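Structural overview for review
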Amino acid sequence: MLKTYYREDGTPFIKGDSHLKEKLPEGYDASTINISDIRVDAHNLAILFDKANYAGVYYVERYFALKDAFERQQVLIAEENAKPKESHAPAITSQSIKPVNAN
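Residues numbered from 1 in each chain as written. Predicted model: local features only at pLDDT ≥ 70, side-chain atom pairs only at ≥ 80, totals over all residues. Heavy atoms only, no water.

With respect to the packing of aromatic side chains
In plain terms, the rule: Each aromatic pair joins two rings of Phe, Tyr and Trp (for Trp, the six-membered one) with centres within 6.5 Å, and gets the label stacked for planes under 30 degrees apart, edge-to-face for over 60, and tilted for any other angle. Three labels apply to residues, based on accessible area from a 1.4 Å probe with only protein chains included: buried if under 20% of the type maximum, exposed if over 50%, partly exposed otherwise in between. Criterion for a charge above a ring: Arg CZ or Lys NZ at most 6 Å from the ring centre, at most 35 degrees from the ring normal.
Inspection of the entire model under this criterion finds three aromatic pairs. Ring plane angle 80° and centroid distance 5.1 Å describe the contact between Tyr58 and Tyr59, whose orientation is recorded as edge-to-face. Tyr59 gets classed as partly exposed once you look at its relative accessible area, which sits at 26%. Consider the rings of Tyr63 and Phe64, whose centres lie 4.9 Å apart with planes at 75°: the pair is edge-to-face. The buried category is assigned to Phe64, whose relative accessible area is 5%. An aromatic cluster is defined as three or more aromatic residues linked by ring pairs; in this entry it consists of Phe49, Tyr63 and Phe64. The ring of Tyr5 carries the charged tip of Lys15 above its face, separated from the ring centre by 5.6 Å.

Notes on the pairing of strand β1 (residues 3-6)
The cut-off we apply is this: In this scheme, strands are said to pair when DSSP sees at least two bridges between them. Runs of E in the DSSP output that reach at least two residues are strands. Runs of H or I that reach at least four are helices, and both are numbered from the N terminus.
Note: β1 against strand β2 (residues 12-15), four bridges, orientation antiparallel. Paired with Tyr6 across the two strands is Pro12, which belongs to β2. Between β1 and β2, which follow one another and run antiparallel, lie five residues, and Gly10 among them has a positive phi close to 95°.

Section: the pattern of salt bridges
For side chains of opposite charge, pairing can occur when their charged atoms come near one another. Short version of the rule: Throughout this description, the term salt bridge denotes a Lys or Arg side-chain nitrogen within 4 Å of a carboxyl oxygen of Asp or Glu.
For the structure on display, the rule yields four salt bridges. With a shortest N-O distance of 2.7 Å, Asp17 and Lys67 are connected by a salt bridge. Placement of the pair is Asp17 in the loop between β2 and α1 (18-21) and Lys67 in helix α3 (residues 57-82), with a sequence separation of 50 residues. Across the pair, Lys67 and Asp17 agree in class, each one buried. Taking the shortest distance from any N to any O, the salt bridge between Lys83 and Glu80 comes out at 3.3 Å. Residue Lys83 is classed as partly exposed on the basis of its relative accessible area, which comes to 47%.

Side note on the packing of helix α2 (residues 42-54) against α3
Packed helices, taken two at a time, are described by their axes: the angle between them and the distance between them. Stated formally: Note on definitions: angles span 0 to 180 degrees between N-to-C directions of axes, and those axes are lines fitted to C-alpha atoms, for helices only across the stretch in contact. These descriptions rest on fixed angle ranges, namely under 35 degrees for roughly parallel, over 145 for roughly antiparallel, 65 to 115 for roughly perpendicular, and the rest for oblique. Crossings are sorted by hand: turned counterclockwise from the far helix by less than a right angle, the near helix makes the crossing left-handed, and turned clockwise it makes it right-handed. Contact between two residues is taken to exist if any of their heavy atoms lie within 4.5 Å; hydrogens are not considered. In this classification, the charged set is Asp, Glu, Lys and Arg, the nonpolar set is Ala, Val, Leu, Ile, Met, Phe, Trp, Tyr, Cys and Pro, and all remaining amino acids, among them Gly, are polar.
Closest axis-to-axis distance for the α2/α3 pair is 8 Å, and the angle between their directions is 155°. If you check the angle between α2 and α3, you find them roughly antiparallel. The handedness of the crossing between α2 and α3 is left-handed. In contact with Ala42, Asn44, Leu45, Leu48, Phe49, Lys51 and Ala52 of α2, α3 contributes Tyr59, Val60, Arg62, Tyr63, Leu66, Lys67 and Phe70. Tallied by class, residues from the contact of α2 with α3 come to 10 nonpolar, one polar and three charged.

What follows is the structure, encoded as structure tokens:
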């Protein structure tokens, strides 16, 4: 079963897929697999994990390529969330609204 855990810094790591690594061909390189037709998200990662469990090497390669992309994406999100937030002055305040002359 595929499980996602999160480290203290917010980055995920995925467990439960070690049995699929045995199906990868020798010299596998995730960067050579085209996954441009798949949205990088947890839902699609879970779908490919299921397919990789019963289908051929094609889905195993795509799963690990998507997993690499997903983990990179999550690291970028964690880094962005760790940055200090910039506060902006509100666009409209009670001082910026001028009273209407009712005469």
